[in-house]
Amino acid sequence: MNRAERRLFLSGVMACGAGVAYGQRVEVRKSGAGRIGISLDRLISDGSVEGQEFIRVLRADLLRSGWFEEQSAARLVVVGRVQNADVLRAEIQAIQVADKKRVLSRAFSGTKAATRALAHRVSDALVLAVSGKPGMASARLAMVGNRSGHKELYVCDADGANLRQVTQERSIVVAPAWMPDGKNILYTSYKQGYPNIYRTGQREAVSRFGGLNASAAVSPDGRRMAMILSKDGNPELYIREVSSGSLQRVSSTRRANEASPCWSPDGSQLAYVSDSSGRPHIYVLALKGGSPKRLSRTGSENVAPDWGVNGQLTYCSRQGGRYRIVVADPRSSVSRVVPVDGADYEDPSWMPDGRHVVVSRSVNYRSSIYLLDTQEERSIALKEGTGDWFSPACSR
């Protein structure tokens, strides 16, 4: 939820926005402790353009993951060969130097046109084999950019490459959210003059009740869709059964507004924003019954929650005059601010590794997309260029 969205929220009219930037520049690195020394010197290419690009992308992915740093006296050596024939084939072995143990020994292949995707797959396999945690390199990002003069929907790889414009609506697109299939994206568009919910690959609106239709999010099993509707008065939280279309009103807060629902990993709970206490705060609701529980306690504004596969919630909180990223455990209500620098960090979305969040970073009223390492407290620019970029959302 960027500044424009917050103004709409506080005035009782919901909307959402987004941001992205380009590059691989490390902005802040407060700690490198715990990284594994790795060497790629024995990973050899056949000299083809594709083979060289594969190694370059793989190296960048591994270093960006936060688990590795290149060292001459490495603890882990990656051995193998990348060959470009009818398909691109990478034979990979990862060997622990101390005990000669092979933690990964696999052959990967893909089309020449998908060289970068193949490198992302290998990176994720190496991260999983060494750390026991899923990687993030194969994920994709959705975002909103205004470089065309209008707020349109874009997608790109997890490293900011392969940017592609998805919508051509010449209007305002906000609140992108991936569907569980990782192929289609829900978003709110004003192309008909009013905020309705749309899905990529489908011309007709998914939801077009009178008033506000915004902030759609589909449950992990794909059966239910949470959204914000104002058809019965002020913006409230609803759940719709995807197959039948039946609608259930979840919240009923007169003189208050709800926004930005997101699902727990098992689909049993929703987190969302409500200003029922007088200011926007994060609430968690168990769908089997019970009252909403307020999670956020500090900050003058707490918005844009996202629930990661790690069971943690992240959200944006205004504290000390700046917008900060908070990571909270909804079970214990213990939270921490991720300290980085003096910029405003907003719109967090968990990456599938449960370690990084992709965020919009604003300085001097210019917004771009950064990757924020919640464990090491460093930020990396993913895409910078013409225009402003907002509301990143990561596929799972």
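Everything numeric here is computed off the predicted structure, so don't read it as measured data.

Calculation criteria
Residues numbered from 1 in each chain as written. Predicted model: local features only at pLDDT ≥ 70, side-chain atom pairs only at ≥ 80, totals over all residues. Heavy atoms only, no water. Pairing = 2+ DSSP bridges. Helix = DSSP H or I, 4+ residues; strand = E, 2+ residues; numbered from the N terminus. Axes fitted to C-alpha atoms, helices over the stretch in contact; angles between N-to-C directions. Parallel < 35°, antiparallel > 145°, perpendicular 65-115°, else oblique. Left-handed = near helix turned anticlockwise from the far one by under 90°. Contact = heavy atoms within 4.5 Å. Nonpolar A, V, L, I, M, F, W, Y, C, P; charged D, E, K, R; others polar. pLDDT = per-residue confidence, 0-100.

Novice: Help me understand the sheet that holds strand β14 (residues 224–229) in this model?
Specialist: Adjacent strands of a sheet pair through backbone hydrogen bonds, lying either parallel or antiparallel. Strand order in the open sheet formed by four strands is β13-β14-β15-β16, with antiparallel pairing between adjacent strands. Both outer strands of the open sheet, β13 (213–218) and β16 (247–249), are each paired with one neighbouring strand and no more. The sheet shows a mean angle of 25° between the axes of neighbouring strands, taken without regard to direction. Note that β14 and strand β15 (residues 236–241) share six bridges and pair antiparallel.

Novice: Any chance you could explain the packing of helix α2 (residues 49–64) against helix α3 (residues 115–131) here in plain terms?
Specialist: For any two helices packed against each other, the geometry comes down to the angle between their axes and how far apart the axes lie. Contact geometry for α2 and α3: axes closest at 8 Å, N-to-C directions at 40°. Here α2 is positioned oblique relative to α3, judged by the angle of their axes. α2 and α3 meet at a crossing whose hand is right-handed. Taking contact as the criterion, the partners of E50, E53, F54, R56, V57, L58, D61 and L62 in α2 are, on α3, T115, R116, L118, A119, H120, V122, S123, L126 and V127. Classifying every residue of the contact of α2 with α3 gives nine nonpolar, three polar and five charged.

Novice: Explain the sheet that holds strand β12 (residues 196–199) here, please?
Specialist: Read from one edge of the open sheet, three strands run β10-β11-β12, paired in antiparallel fashion. Either end of the sheet is taken by a strand with one partner, and the two such strands are β10 (173–178) and β12. Each neighbouring strand pair of the sheet contributes to a mean axis angle of 25°, computed without reference to strand direction. The pairing of β10 with strand β11 (residues 185–189) spans four bridges and is antiparallel. The residue bridging V174 from the neighbouring strand is T188, located in β11.

Novice: Any chance you could explain the confidence of the model for the chain here in plain terms?
Specialist: Note that predicted coordinates carrying low pLDDT should not be read in detail. Put simply, the chain has an average pLDDT of 91, and 91% of its residues get 70 or more. Taken as a whole, residues 7–31 scores under 50 in pLDDT and shows 109 contacts with residues more than four places along the chain or in a different chain.

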